[in-house]
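# Geometric and topological summary
This is what each chain is made of:
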Amino acid sequence: MTLPICDDCSKRTILCPNCQRLYDAGQITPLDIEVSRLIAKSVDCPVDVKGAVKTQDQVIIIASQDHVGKVIGESGRSIRAMSEALGMKTKVVGASDFEKIARAMIAPARVRSINKVVGPKGNSIRIRIEKSDISRMRMSPEDLSTVISAACDEPVSMSFD
Ligand SMILES: [Zn+2]
């Protein structure tokens, strides 16, 4: 398993010093921990999951692209169990579906465009959001860029126009 917390921590209720440090540094969230433990309980094969984010009406689990089906489980068994435990509609997206992840997190604010920018120093993601919708965002643009960037492993820049 590759989860936001280590294997030991995914099977018990306390955090080891290492995971605790990541938590204190804000690199893993309470939701990451909750989802990691649910995955350890509900998914019966090793999976690579990067984290989870909560949007307006659902929890999105971000898995590496080729593990999406494994996290969902046979006939959706694992994802149903996790959705019940979380008390929210839950879905799994592949980490390379950065556009889907970003749109879900930005809603109900409207997205003008999301582009992958290929530059000399590597790729980045540029997100343009409708200026009049700033007040409709549920997270600060800074937090949002941090989370999207962690999910996608690429720097994110956000603008409002
Ligand atoms: Zn740990």
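Counting restarts for each chain, with residues numbered from 1 along the sequence as it is written. For a predicted model such as this one, the threshold for reporting local features is a pLDDT of at least 70, and the threshold for listing and counting side-chain atom pairs is 80 or more; totals across whole chains, interfaces and linings nevertheless cover every residue.

When DSSP finds at least two bridges between two strands, those strands are taken to pair. Only DSSP runs of H or I covering at least 4 residues are called helices, and only runs of E covering at least 2 are called strands; the numbering of each starts at the N terminus. One open sheet accounts for 3 strands, arranged E1-E2-E3; its pairing is mixed. If you trace the sheet from one side to the other, it starts and ends with strand E1 (49–54) and strand E3 (89–94), each paired once. Strand-to-strand, the axes of this sheet are offset by a mean angle of 20°, without reference to chain direction. As paired strands, strand E2 (residues 58–63) and E3 are joined by 6 bridges and run parallel to one another. Within E3, the position partnered with isoleucine 62 by the bridge is valine 93. Here contacts are defined at the residue level, using C-beta atoms placed from the backbone and a cut-off of 7 Å between them. Angular values range over 0 to 180 degrees, each being the angle between N-to-C directions of two axes fitted as lines to C-alpha atoms, with helices fitted over their stretch in contact. Across the sheet, helix H6 (residues 141–152) lies against E1 and E2, angled at about 150° from E1, the strand it touches most.

Attention now moves to the domain arrangement of the protein. Each domain's limits were defined by an automated method or a database of domain assignments. Split into domains, the protein comes out as domain 1 (7–95) and domain 2 (98–160). A C-alpha centroid distance of 22 Å is found between domain 1 and domain 2. Taken together, the contact pairs 9 residues of domain 1 with 11 residues of domain 2. Here the side of domain 1 that touches domain 2 gets 3 residues from one element, more than from any other, and that element is E1. Per-class residue counts for the side of domain 1 that touches domain 2 are 5 nonpolar, 3 polar and 1 charged. When residues are sorted by character, Ala, Val, Leu, Ile, Met, Phe, Trp, Tyr, Cys and Pro go into the nonpolar class, Asp, Glu, Lys and Arg into the charged class, and all the rest, Gly among them, into the polar class.

Turning our attention to unusual backbone geometry. Of all residues except glycine, most have a negative phi; of all peptide bonds, most are trans. A cis geometry characterises the amide bond from alanine 107 onward to proline 108, with omega recorded as 10°. Within the secondary structure, proline 108 is located in the loop between helix H5 (98–106) and strand E4 (111–119). A positive phi angle is found at serine 75, which is not glycine, with a value near 50°. If you trace the backbone, serine 75 turns up in the loop between helix H3 (68–72) and helix H4 (77–86). Labels follow a simple rule on C-beta atoms placed from the backbone: if 20 or more others lie within 10 Å of a residue's own, it is buried; if 12 or fewer, it is exposed; otherwise it is partly exposed. A residue is classified by how many C-beta atoms lie within 10 Å of it, and serine 75, with 8 of them, is exposed.

Taken in spatial order, the 3 strands line up as E4-E5-E6 in an open sheet, and their pairing is mixed. The sheet is open, and its two borders are formed by E4 and strand E6 (156–160), each paired with just one other strand. The sheet shows a mean angle of 20° between the axes of neighbouring strands, taken without regard to direction. Examined bridge by bridge, E4 and strand E5 (residues 122–129) share 8 bridges and lie antiparallel to one another. Note on E5: the bridge partner recorded for asparagine 115 is arginine 126. This element, H5, spans E4 and E5 of the sheet and lies at about 145° to E4. Sheet strands touched by H6: E5 and E6. Its angle to E6, the strand with the most contacts, is close to 145°.

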